Amino acid sequence: QVQLVESGGGLVQAGGSLRLSCAASGINFRMYTMAWYRQAPGKQRELVARISSGGNINYADSVNGRYTISRDNAKKSVYLQMNSLKPEDTAVYYCNAKYLTAALNDYWGQGTQVTVSS
């Protein structure tokens, strides 16, 4: 059974920092591209940051320079360090694991709320 469990969300003032964690189980973690998405009320879910199995990283323009994604294959975990937070960063943040073989293996966590007050 595949599980992605996020933690680290919360309420923070603008300019502050948070670190999200996502612990995976039930998958061959090192083979997966791991990503963080977010969804604000009334908006579509959007990609925030992605790190491939080989360590290639992509960021959304809105967070580039403020957020850092990293992974620890030994701990089967992916992290998102969020600095200089803004009220517009407020959203539910989701962890995603994706691996394309003959079929698409695509898994989601339950989400963690991040609220940035002005």
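About the cut-offs
Residues numbered from 1 in each chain as written. Predicted model: local features only at pLDDT ≥ 70, side-chain atom pairs only at ≥ 80, totals over all residues. Heavy atoms only, no water. Helix = DSSP H or I, 4+ residues; strand = E, 2+ residues; numbered from the N terminus. Contact = heavy atoms within 4.5 Å. Phe/Tyr/Trp six-rings, centres within 6.5 Å; stacked < 30°, edge-to-face > 60°. Buried < 20%, exposed > 50% of the residue type's maximum accessible area, 1.4 Å probe, protein only. Lys NZ or Arg CZ within 6 Å of the ring centre and 35° of its normal.

Undergrad: Whenever I open this one, unusual backbone geometry confuses me. Can you help?
TA: Leave glycine aside and you will find that most residues have negative phi; peptide bonds, for their part, are mostly trans. Despite not being glycine, Lys-76 shows a phi value in the positive range, around 50°. In this structure, Ser-84 is a non-glycine residue whose phi angle is positive, near 50°. Within the secondary structure, Ser-84 sits in the loop between β8 (77–82) and β9 (91–100).

Undergrad: Explain the environment of Val-12 to me, please; I cannot follow it from the model alone.
TA: Locating Val-12 in the fold gives a position in strand β2 (residues 10–13). Along the primary structure Val-12 and Pro-87 are separated by 75 residues, whereas in three dimensions their C-alpha atoms are 9.3 Å apart. Apart from the residues lying within four places of it in its own chain, the contact partners of Val-12 are Ser-17, Leu-18, Leu-85, Thr-115, Val-116 and Ser-117.

Undergrad: What am I meant to see in the packing of aromatic side chains here?
TA: The geometry of two aromatic rings is summed up by the distance between their centres and the angle between their planes. Summed over the entire model, instances satisfying the criterion amount to four aromatic pairs. Ring centres of Tyr-32 and Tyr-99 lie 5.3 Å apart, and the angle between their planes is 50°; this geometry places the pair in the tilted category. One end of the pair, Tyr-32, is in the loop between β3 (18–25) and β4 (33–39); the other, Tyr-99, is in strand β9, with 67 residues separating them in the sequence. For Tyr-32, a relative accessible area of 6% gives the class buried. Their ring planes at 85° and their centres at 6.5 Å tell us that Tyr-94 and Trp-108 sit as a pair that is edge-to-face. On the criterion of sequence distance, the pair formed by Tyr-94 in strand β9 and Trp-108 in strand β10 (residues 104–108) is long-range, its members being 14 residues apart. On the basis of relative accessibility, which here comes to 14%, the residue Tyr-94 falls in the buried class. When its relative accessible area of 35% is taken as the criterion, Trp-108 is described as partly exposed. Members of the aromatic cluster, joined through ring pairs, are Tyr-32, Tyr-99 and Tyr-107. We note Arg-19 situated over the ring of Tyr-79; from NZ or CZ to the ring centre the distance is 4.1 Å.

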